[in-house]
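Observations on chain architecture
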Amino acid sequence: MTYLRRLDVIRLFALSALLLAPSATCWAQQRPPIAEKMAKTHGVDSFGQVEGIRYTFNVARPDGNNVARSWEWNPKTDAVSYEGKDKDGKPVKVTYRRSQPGMPEDIDATFLNDQYWLLLPFHVIWDTSATVTEEGMQKLPLGNGSGEKLVVKYASDGGYSPGDTWDVYVGADGRVEEFVYHRGGPKKPSTVIAPWTDYKKAGPLLFSLDHQSKADDNPLHVFFSNVAVKVTGSENWINAQ
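Here's a quick rundown of the structure. All figures in this text were calculated on a predicted structure; none of them were measured in a lab. (Residues numbered from 1 in each chain as written. Predicted model: local features only at pLDDT ≥ 70, side-chain atom pairs only at ≥ 80, totals over all residues. Heavy atoms only, no water.)

Mapped onto the secondary structure, Arg 69 falls in strand 2 (residues 67-74). Judged by relative accessible area, which is 3%, Arg 69 ranks as buried. Within the local environment of Arg 69, its side chain forms a polar contact with the side chain of Asp 114, the two groups lying 2.8 Å apart. (Helix = DSSP H or I, 4+ residues; strand = E, 2+ residues; numbered from the N terminus. Buried < 20%, exposed > 50% of the residue type's maximum accessible area, 1.4 Å probe, protein only. Polar contact = N/O pair within 3.5 Å; in protein donor to acceptor, adjacent residues only side chain to side chain.)

Structure (structure tokens):
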């Protein structure tokens, strides 16, 4: 799959708004206790120690339209480095700062898309444009088991993908079990269901690296590779393991 030629994956998960470089002290509004537990379980209290996160976002599809996009993000400076393909399918490398004029919006939309998959537990706490409600214990959409359901609803205007809704199912241990994405606009696919598996830790952060998903009932395998974190006071990257 080439960059921006197949928007069903790229824009599907682009969030409406993002408060970057957060810390546990700048949660903008009250969230349900299970949302705070989820964020803490995944490491939000230690996010201020993080100088860099790097990862490759991968998509494997039955038709062979696969994706591999590599990112490095410095939360404190909001600097992003990207290596992948441009809209014509040609290899490209680019570095930009999200607060500066001339930011490449197409690439930035993809950055938010891929990062949301990796850092969803934090965005539920960080994102000021979202309303978050708790709906109690619910059966998981896939497989067996149940989880505390959070509904994360984004504003209907602004951002790359306004009106999106995410149903997030949180286990008793605070880890995300599954989510269901509902697109805010008319494009397809309109619904994606993704389990969160293959949990690994990199530095103070806990990540789910594998999502054997469904997009409008079609299989979609999203997974991460080369995940690593750099913390304050160190020049070394800590690989997820």
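Read on for the rest.
Counting residues in each nonpolar core, the largest one holds 57 residues, and the members touching the most others are Ile 53, Leu 120, Val 152, Trp 166, Val 168, Phe 179 and Phe 207. Here this core gets 12 residues from one element, more than from any other, and that element is helix 3 (residues 105-126). Look past the residues within four positions of Val 168 in its chain and what remains in contact with it is Met 38, Leu 120, Glu 148, Lys 149, Leu 150, Val 152, Val 176, Glu 178 and Phe 179. (Core = buried A, V, L, I, M, F, W, Y, C linked by side-chain atoms within 4.5 Å. Contact = heavy atoms within 4.5 Å.)

It is worth spelling out the packing of aromatic side chains at this point. Applying the stated rule across the entire model yields 15 aromatic pairs. Relative to Tyr 82, the ring of Trp 71 lies with its centre 4.5 Å away and its plane at 35°, an arrangement referred to as tilted. With a gap of 11 residues between them, Trp 71 in strand 2 and Tyr 82 in strand 3 (residues 79-85) connect regions that are remote in the sequence. Both rings, one in Phe 179 and one in Trp 196, keep their centres 6.3 Å apart while their planes meet at 70°; by these two values the pair is edge-to-face. Remark: Trp 196 occurs in the loop between strand 9 (191-195) and strand 10 (197-202) and Phe 179 occurs in strand 8 (residues 176-182); sequence separation between them is 17 residues. Each residue in the set Phe 47, Trp 71, Trp 73, Tyr 82, Phe 111, Phe 122 and Trp 126 is aromatic and connected to the rest through ring pairs, giving one cluster. The side chain of Arg 175 reaches across the aromatic face of Tyr 199, ending 4.7 Å from its centre. (Phe/Tyr/Trp six-rings, centres within 6.5 Å; stacked < 30°, edge-to-face > 60°. Lys NZ or Arg CZ within 6 Å of the ring centre and 35° of its normal.)

A few words now on the pairing of strand 2. Only one face of strand 2 is covered, namely the face carrying Val 67, Arg 69, Trp 71 and Trp 73; the face carrying Ala 68, Ser 70, Glu 72 and Asn 74 is uncovered. The pairing of strand 1 (residues 50-60) with strand 2 spans seven bridges and is antiparallel. Looking across to strand 2, one finds that Asn 58 is bridged to Ala 68. With antiparallel pairing between neighbouring strands as the criterion, strand 1 and strand 2 make up a hairpin whose turn holds six residues, including Gly 64 at a positive phi of roughly 85°. In terms of strand pairing, strand 2 meets strand 3 through five bridges, oriented antiparallel. Residue Glu 72 lies in a different strand from strand 3, and its bridge partner there is Ser 81. Remark: four residues form the turn of the hairpin made by strand 2 and strand 3, two consecutive strands paired antiparallel; Asp 78 in that turn has positive phi of roughly 60°. (Pairing = 2+ DSSP bridges.)

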